[in-house]
Amino acid sequence: IFADTFISKYHSPTQTRVLDGFSMPNSTLGLVDMTDSGCTGQIKYIWQTDDAGQPVSFFEPSLEQKADGELLWPVAGIASRDGRSAVLLAQRIKGFLTVIGTTLIIL
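Attention in this report is confined to the structure presented alongside it. Small disclaimer: the values here were computed from a predicted structure and weren't measured.

Here's the deal with the overall build of the chain
A count of helical and extended segments in the chain gives 1 helix and 11 strands. Split into buried and exposed, the 107 residues of the chain put 22% on the buried side. Pairs at least 24 residues apart make up 30% of the contacts formed inside the chain by residues separated by at least 6 positions. Carbon together with sulfur atoms contributes 56% to the accessible area of the chain, which is approximately 7,900 Å² in total. Side-chain charges of the chain comprise 8 positive and 11 negative groups, with the mean position of each set lying 4 Å from the other.

So, in structure tokens, the structure goes:
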């Protein structure tokens, strides 16, 4: 689980990020296959996209909260031992880092 995530294209010849068209969703995910001996593959990054195909946050507040200018910022989580479920805590943020509450997200 990631909070603010910088998403952009990568220019291999110069080994730099391309800032044109970058975005920064407030929540994204990273998934990797696991076995009893550990990670078995590359991480796969996941986020939602808007109608224009641009990256947006994976977790969103309610429509009412979003209309009021709130966003969700994941801060903690725990997964079940079998990996089939998880519980996340996300701060409800409004304006410049004003915490107005906490939301429980059950996956």
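Quick look at the pattern of salt bridges
Counted under the stated rule, the structure contains 4 salt bridges. The shortest N-O distance in the salt bridge between K94 and D68 comes to 3.0 Å. Highlighted residues: K94 in strand β10 (residues 86-94) and D68 in the loop between α1 (63-67) and β9 (70-79), separated in sequence by 26 residues. When its relative accessible area of 31% is taken as the criterion, K94 is described as partly exposed. You can call D68 partly exposed: its relative accessible area is 42%. Its salt-bridge partner being R84, residue D82 comes within 3.9 Å of it at the nearest N-O pair. Judged by its relative accessible area of 54%, D82 is exposed.

Thresholds, definitions, all that
- Residues numbered from 1 in each chain as written.
- Predicted model: local features only at pLDDT ≥ 70, side-chain atom pairs only at ≥ 80, totals over all residues.
- Heavy atoms only, no water.
- Helix = DSSP H or I, 4+ residues; strand = E, 2+ residues; numbered from the N terminus.
- Buried < 20%, exposed > 50% of the residue type's maximum accessible area, 1.4 Å probe, protein only.
- Contact = heavy atoms within 4.5 Å.
- Areas by Shrake-Rupley, 256 points an atom, 1.4 Å probe, with all protein chains shown as cover.
- Lys, Arg positive; Asp, Glu negative; His and termini not counted.
- Charge placed at Lys NZ, Arg CZ, Asp CG, Glu CD.
- Salt bridge = Lys/Arg side-chain N within 4 Å of Asp/Glu carboxyl O.

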